Amino acid sequence: TCCTKHKMETTIIVTHKDVQKNEIVTLISPTNPTPPEIIFLSNIDQAVTFPVETLYFFRVEENKSDGISDTVKNATCQLLVPYYFMAGRLRFNDDTHKLELVCNNLGIPFATASSTLKLADLGDVSLPNPTFGHFIHRPQVYGSLDERPLFTIQVCFFVTLSFTSYNLSVDS
């Protein structure tokens, strides 16, 4: 028999007091907006529609944290040129009784936040932690379908030189 020692990780509970969200949210659009169009969704896209929330954690080198928000924002504007549909919205078509993707350049909400925690305080960030939801910007979660963005970004800065970026992913 072989025994393996596993390092026990302490799970931190993040609360709303640990994350201060900036009230200013800007909408990011493609640098080259496209004409409005409607994209048909396949039957599997019709059947499997649910949000996928993803957090990414990054360490930042000392004296390199200035401009991170602008860099992420500018890169997203460039990314939206080939992926312009991500700046659109879903809507239910009453005639066909199906969802469709309206490419209307409404934009992606971009928010910033700061945390009183250090990245090291979070422990192993690769492990699931439901309280990490406090790092997520959830605009119009309970609004109508055609008001909800397909993709959002929030950059959250920690006490140490690190940040998270959040996105809501969809299968394309």
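Structure's up top.
Cut-offs applied
- Residues numbered from 1 in each chain as written.
- Predicted model: local features only at pLDDT ≥ 70, side-chain atom pairs only at ≥ 80, totals over all residues.
- Heavy atoms only, no water.
- Patch = residues over 30% accessible without salt bridge, like charges linked within 9 Å, V, L, I, M, F, W, Y side chains within 5 Å.
- Areas by Shrake-Rupley, 256 points an atom, 1.4 Å probe, with all protein chains shown as cover.
- Salt bridge = Lys/Arg side-chain N within 4 Å of Asp/Glu carboxyl O.
- Helix = DSSP H or I, 4+ residues; strand = E, 2+ residues; numbered from the N terminus.
- Phe/Tyr/Trp six-rings, centres within 6.5 Å; stacked < 30°, edge-to-face > 60°.
- Buried < 20%, exposed > 50% of the residue type's maximum accessible area, 1.4 Å probe, protein only.
- Pairing = 2+ DSSP bridges.

Some points on a nonpolar patch on the surface
Thinking step 1. Residues Ile 44, Val 48, Phe 50 and Val 52 make up a contiguous nonpolar surface patch of about 390 Å² in total accessible area.
Thinking step 2. Checked against the element boundaries, Ile 44 lands in helix H1 (residues 43–47).

Notes on the packing of aromatic side chains
Thinking step 1. Scanning all chains against the criterion turns up 7 aromatic pairs.
Thinking step 2. Centre to centre, the rings of Tyr 83 and Phe 85 are 6.1 Å apart; their planes meet at 75°, and the pair counts as edge-to-face.
Thinking step 3. On the basis of relative accessibility, which here comes to 41%, the residue Tyr 83 falls in the partly exposed class.
Thinking step 4. By relative accessible area, which is 15% here, Phe 85 ends up buried.
Thinking step 5. Three or more aromatic residues link up through ring pairs in this structure, and these residues are Phe 57, Phe 132, Phe 135 and Phe 158.

A look at the pattern of salt bridges
Thinking step 1. Here the structure, examined in full by the defined rule, presents 2 salt bridges.
Thinking step 2. Arg 91 serves as the salt-bridge partner of Glu 100, at 2.6 Å between the closest nitrogen and oxygen.
Thinking step 3. With relative accessibility at 10%, the residue Glu 100 sits in the buried group.
Thinking step 4. By relative accessible area, Arg 91 is classed as partly exposed at 32%.

Notes on the pairing of strand S7 (residues 108–115)
Looking down a regular strand, the side chains alternate between one sheet face and the other.
Thinking step 1. In terms of residue burial, S7 counts as a mostly covered element, since 7 of its 8 residues are buried.
Thinking step 2. Relative to S7, strand S1 (residues 19–21) is paired through 3 bridges, and the arrangement is antiparallel. Along S7, the bridge assignment pairs Lys 21 with Ala 113.
Thinking step 3. Note: strand S2 (residues 26–28) against S7, 3 bridges, orientation antiparallel. Each bridged residue has a counterpart across the sheet, and for Ile 28 the counterpart in S7 is Ile 108.
Thinking step 4. Sheet topology places S7 next to strand S8 (residues 153–157); 5 bridges connect them, and they run parallel. When the bridges of S8 are listed, Ala 111 appears paired with Gln 154.

So, to be careful, I would describe these as geometric facts and stop short of saying anything about function.
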